[in-house]
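# A closer look at the structure
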Amino acid sequence: MTGIQIDTSSVPPQNWTILAQSFLLTGTASPALAGVQPTPTRSLRASEAATLPPPPSLEVQLFDNSAQLKIFFSQIAMHLTNEWRIAIFEQLDFLLKIEDWQEDSALIEVSTFLTFLRFLIFAAPYRVPSLGISPNGNVLAAWLNGDERITVQFLPDDRAIATLLRSGTRGNETVAWRGHVVDLKLFIERFGVRDCMIDGPT
């Protein structure tokens, strides 16, 4: 079940970040562990190190990431038009273009791309979204139609974060949502911005 959360109009979707903080529990060591000594690791000999394959270049990583995503998309291509395939592939090529790569750029996490694909199958949008990548590699998608806007950050395990914007009698109205991606379609319809995905200019 979903619910309307706080107004996030003052927080642009492009600045979304997912913060994760780990907590270290301190206390007295277990007596069973007190006498345990770490086992020293054996250093690689120069001859052994020389036989290790070099890490893949950035160009290879970008190509592999793009190819893997396109393969997954092709598995659902029968549910979409050829125009969809062309538009998504072109955006993936642009997002993973080595010429525009920067230090803070990230590869696309496959698990979040799969969540995006599941949303496409379930929600069946007519219009192709604009795609982006969050700093931690999550897929971002946006649908715009006049004063209406849907922006979604897709997460692993079929989860998503969305911000919806529409023009109301008292100005712009914005709501935030977080939950299972299957529930997002109904939330969009209830808020009244479904036209962003099925009508209007692309």
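Numbering of residues begins from 1 in every chain and follows the order in which that chain's sequence is written. The predicted origin of the model limits local features to residues at a pLDDT of at least 70 and limits the giving and counting of side-chain atom pairs to 80 or more, whereas totals for whole chains, interfaces and linings rest on all residues. Water and hydrogen atoms play no part in the side-chain values, which are based on all heavy atoms of the structure.

This brings us to the overall build of the protein. Secondary structure counts use DSSP, requiring at least four H or I residues in a row for a helix and at least two E residues in a row for a strand, with both numbered from the N terminus. Looking only at helices and strands, one finds seven helices and five strands in the protein. Scanning the protein from its N terminus toward the C terminus, one meets helices and strands in the order α-α-α-α-α-β-β-β-β-β-α-α. The 202 residues of the protein split such that 35% are buried. Two residues qualify as a contact provided that any one of their heavy atoms is within 4.5 Å of a heavy atom in the partner residue. A separation threshold of at least 6 residues defines the contact pool for the protein, and within that pool the share at least 24 residues apart is 58%. Accessible area for the protein stands at about 13200 Å²; split by element, carbon and sulfur atoms hold 55% of it. Each residue's exposure class comes from its accessible area (1.4 Å probe, protein chains only) as a fraction of the maximum for that residue type: buried when under 20%, exposed when over 50%, partly exposed otherwise. Residue exposure ignores everything except the shown protein chains as possible cover, and the areas themselves are Shrake-Rupley values with a 1.4 Å probe.

At aspartate 157, a residue that is not glycine, the phi angle is positive and equals roughly 60 degrees. Mapped onto the elements of the fold, aspartate 157 is located in the loop between strand E3 (148-155) and strand E4 (159-168). Given a relative accessible area of 68%, aspartate 157 falls into the exposed group. At aspartate 158, a position not held by glycine, the phi torsion is positive, near 60 degrees. Note on placement: aspartate 158 falls in the loop between E3 and E4.

Now for the sheet that holds strand E2 (residues 139-145). Spatially, the five strands line up as an open sheet ordered E1-E2-E3-E4-E5, and their pairing is antiparallel. In the strand order of this sheet, the two ends are held by strand E1 (130-133) and strand E5 (171-180), each with one partner. Averaged over all pairs of adjacent strands, the angle between their axes in this sheet comes to 15 degrees, without regard to strand direction. Strands qualify as paired when DSSP identifies two bridges or more between them. As judged from the six bridges shared by E2 and E3, these two strands associate in the antiparallel manner. Directly across from alanine 142, in E3, lies its bridge partner threonine 151. Fitting a line to C-alpha atoms yields each axis, with helices limited to the stretch in contact; the angle taken between N-to-C directions then spans 0 to 180 degrees.

The next thing to look at is the packing of helix H3 (residues 58-74) against helix H4 (residues 82-95). Close contact between H3 and H4 brings their axes to 10 Å; oriented N to C, the two are set at 165 degrees. The angle between H3 and H4 places the two elements in the roughly antiparallel class. Helix-helix and strand crossings are classified by hand; for H3 and H4 the assignment is right-handed. Mapping the contact onto sequence places Ser66, Leu69, Lys70, Phe73 and Ser74 in H3 and Trp84, Arg85, Ile88, Phe89, Leu92 and Asp93 in H4. The class makeup of the residues in the contact of H3 with H4 is six nonpolar, two polar and three charged. Working rule for angles: under 35 degrees goes down as roughly parallel, over 145 as roughly antiparallel, 65 to 115 as roughly perpendicular, anything else as oblique. With the far helix as reference, a near helix turned anticlockwise by less than a right angle produces a left-handed crossing, and one turned clockwise produces a right-handed crossing. All residues other than Ala, Val, Leu, Ile, Met, Phe, Trp, Tyr, Cys, Pro, Asp, Glu, Lys and Arg, Gly among them, are scored as polar; the first ten of these are nonpolar and the last four charged.

Our focus in this paragraph is the nonpolar core. Each nonpolar core is a collection of buried residues, namely Ala, Val, Leu, Ile, Met, Phe, Trp, Tyr and Cys, held together in the definition by side-chain atoms within 4.5 Å. Of all hydrophobic cores here, the largest spans 39 residues; its most connected members are Phe113, Phe116, Phe119, Ile150, Phe154 and Leu164. Those residues in contact with isoleucine 150 that lie beyond four places of it in its chain are Ala141, Ala142, Trp143, Thr163, Leu164, Ile188, Val193, Cys196 and Met197.

Okay, the packing of aromatic side chains next. The description of an aromatic ring pair rests on the distance of the ring centres and on the angle between the ring planes. Think of it this way: a Phe, Tyr or Trp ring, Trp meaning its six-membered ring, pairs with another when their centres are within 6.5 Å, and the plane angle makes it stacked under 30 degrees, edge-to-face over 60, tilted otherwise. Within this structure, the stated rule accounts for six aromatic pairs. Grouped by ring-pair contacts, the aromatic residues Phe113, Phe116, Phe119, Trp143 and Phe154 constitute a single cluster. Stacked on the ring of phenylalanine 89, the Lys or Arg lysine 70 has its end atom at 5.3 Å from the ring centre. Ring-over charges, as used throughout, are those where CZ of Arg or NZ of Lys falls within 6 Å of the ring centre and within 35 degrees of the ring normal. The lysine or arginine in question, arginine 166, covers the ring of phenylalanine 191, its NZ or CZ lying 4.2 Å from the ring centre.

Our focus in this paragraph is the pairing of E5. Across 10 bridges, E4 lies against E5 in antiparallel orientation. Residue pairing for E5: glycine 168 is matched across the bridge by glycine 171. Counting the residues between successive antiparallel strands, the hairpin from E4 to E5 contains two residues.

This brings us to the environment of leucine 155. Among the structural elements, leucine 155 can be located in strand E3. Spatially, the C-alpha atoms of leucine 155 and glutamate 109 are 8.9 Å apart, while their sequence positions differ by 46 residues.

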